[in-house]
Amino acid sequence: MSRFRVGVVLALVATGAIALLPTASSQASQQRRPWTHRLVSVKGELVDHWTYNDPTPCGAVGDGTVTLKFQLVKPRLVTLVIDRAKNGEPNNTLGSWIVGIPGPTGGIRDTPALPASGTITWVDNTTQRPPEPGNGDCTPTDKTGCGTAPVARASKMTIAGYNRRYLYADFSGMGRPRRGECGHSQVEIFDQANLVGGPREGQLLIRMPSAATVKRRRTLTVVGTSHKRSTFADCGSGATCTDDVTRRVTVVFKHL
């Protein structure tokens, strides 16, 4: 090519009339990073309104609450698509939503559990029944664990595909007061299925719109809720108790 033609080509590139083709390395980079969305925020809450009734002398009677609030620590790039090869729950039906990241050997794998922060608040409004006549005063109820505390530093949350219709949310890091006692809530973990409801493993299901809607919408907000009330005839020492548990998780994705 003559110097004149080279000069013309360079001038056209400089003015934007000709776009440079992507290099092989940039194409490979794009293939290794097939992100579709940014997981902008996740906010969740579990509230257990409990009651307790111990009919024995000095037994506790009354109510209280446990309130867990948590959120995603840092946004994360993800691939939000229906993976037709992934088995969906609960019956291994073919195809499921996936909140994914690139796998080590290509393809997409589930995003691992993500760091979460938050607080737990314990409230105990119980009082004590009178002591048995002639036995002196009752030992005061230990409520030194009541109040608000941060969740454990190692707390994690999971947002993942459940099947073609739902994502699911889960949280690890709830537990009991680190010091002292407070109340008679039966709920100790976010996915305690016999108390919180949801599928057999206790996750909170989040209904998804159609794949076409997800692809078209600039900002996608999806919400999952559950509610379950449980009554127990014997919670120890002949006491009866109830747990009324509500969960809610709001997830926001932004299309890239």
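This structure is a prediction, so every number in the text was calculated from the model and none was measured. (Residues numbered from 1 in each chain as written. Predicted model: local features only at pLDDT ≥ 70, side-chain atom pairs only at ≥ 80, totals over all residues. Heavy atoms only, no water.)

Q: Please explain the overall build of the protein as it appears in this structure.
A: Looking only at helices and strands, the protein features four helices and 13 strands. Burial statistics for the protein: of 256 residues in total, 36% are counted as buried. Sequence-distant contacts in the protein: of pairs separated by 6 or more residues, those separated by 24 or more amount to 67%. Accessible surface computed for the protein: about 14,700 Å², of which carbon and sulfur atoms make up 53%. (Helix = DSSP H or I, 4+ residues; strand = E, 2+ residues; numbered from the N terminus. Buried < 20%, exposed > 50% of the residue type's maximum accessible area, 1.4 Å probe, protein only. Contact = heavy atoms within 4.5 Å. Areas by Shrake-Rupley, 256 points an atom, 1.4 Å probe, with all protein chains shown as cover.)

Q: I'm lost on the state of the cysteines in this one. Help?
A: Chemically, a disulfide is nothing more than a covalent bond linking the sulfur atoms of two cysteines. Scanning all chains against the criterion turns up three disulfides. Residue Cys146 pairs covalently with Cys182 via a disulfide, S to S 2.0 Å. On the sign convention where negative is left-handed, the bridge of Cys146 and Cys182, at about 100 degrees about the S-S bond, is right-handed. Note that Cys146 is positioned in the loop between strand E7 (127-128) and strand E8 (147-150) and Cys182 in the loop between strand E10 (166-172) and helix H3 (193-196), a separation of 36 residues in sequence. For Cys146, a relative accessible area of 28% corresponds to the partly exposed category. Between the sulfur of Cys235 and that of Cys241 lies a disulfide, 1.8 Å long from S to S. Taking the torsion about the sulfur-sulfur bond, which here is approximately -75 degrees, the covalent link between Cys235 and Cys241 counts as left-handed. (Disulfide = S-S within 2.5 Å.)

Q: Explanation requested: unusual backbone geometry in the structure shown.
A: Excluding glycine, most residues fall at negative phi; most peptide bonds, likewise, are trans. A cis amide bond links Glu89 to the next residue, Pro90, at an omega of 0 degrees. Examined against the element boundaries, Pro90 turns out to sit in the loop between strand E3 (76-88) and strand E4 (93-102). One non-glycine residue, Cys58, adopts positive backbone phi at about 70 degrees. Look at Cys58 and you get partly exposed, because its relative accessible area is 26%. A positive phi is found at Asn92, a non-glycine position, where the angle reads about 55 degrees. Tracing the backbone shows Asn92 in the loop between E3 and E4.

Q: What is the right way to look at the packing of aromatic side chains in this model?
A: By convention here, two paired aromatic rings are described through the distance between centres and the angle between planes. Taken as a whole and assessed by the stated rule, the structure comprises three aromatic pairs. Ring geometry for Phe70 and Phe171: centres 4.5 Å apart, planes at 20 degrees, overall stacked. Taken as a pair, Phe70 in strand E2 (residues 60-72) and Phe171 in strand E10 lie far apart in primary sequence, 101 residues in all. This pair shows no difference in class: Phe70 is buried, exactly as Phe171 is. Clustering of aromatic rings is evident, with ring pairs tying together Phe70, Phe171 and Phe190. If you follow Arg207 out to its NZ or CZ, it ends over the ring of Tyr166, 5.5 Å from the centre. The aromatic ring of Phe190 is capped on one face by Arg247, whose charged end is 5.0 Å from the ring centroid. (Phe/Tyr/Trp six-rings, centres within 6.5 Å; stacked < 30°, edge-to-face > 60°. Lys NZ or Arg CZ within 6 Å of the ring centre and 35° of its normal.)

Q: Just checking my understanding: could you explain the environment of Ser155 for this structure?
A: On the secondary structure map, Ser155 appears in the loop between E8 and strand E9 (156-161). Relative accessible area serves as the criterion here: at 2%, Ser155 is assigned to the buried category. Spatially, the C-alpha atom of Ser155 lies 6.2 Å from that of Pro115, the residues being 40 residues apart in sequence. Residues within four places of Ser155 in sequence aside, it is in contact with Leu114, Pro115, Ala116, Phe171, Ser172 and Gly173. A polar atom in the side chain of Ser155 sits 2.7 Å from the backbone oxygen of Ala152. (Polar contact = N/O pair within 3.5 Å; in protein donor to acceptor, adjacent residues only side chain to side chain.)

Q: Sorry if this is basic, but what is going on with the pattern of salt bridges here?
A: Any two side chains of opposite charge can pair, so long as their charged atoms come close to each other. Counting across every chain of the model gives six salt bridges. The closest approach of N and O atoms between Arg176 and Glu188, which form a salt bridge, is 3.3 Å. Linking Arg176 in the loop between E10 and H3 with Glu188 in the loop between E10 and H3, this pair joins segments that are twelve residues apart in sequence. (Salt bridge = Lys/Arg side-chain N within 4 Å of Asp/Glu carboxyl O.)

Q: What's the story with the pairing of E9 in this structure? I'm lost.
A: It is a general feature of regular strands that their side chains alternate between the two faces of the sheet. Pairing between strand E6 (residues 114-124) and E9: two bridges, direction antiparallel. Across the sheet, the residue bridging to Leu114 is Met157, located in E9. As judged from the six bridges shared by E9 and E10, these two strands associate in the antiparallel manner. In the strand pairing of E10, Ala160 is matched with Tyr168. In sequence, E9 turns back onto E10 through a hairpin of four residues. (Pairing = 2+ DSSP bridges.)

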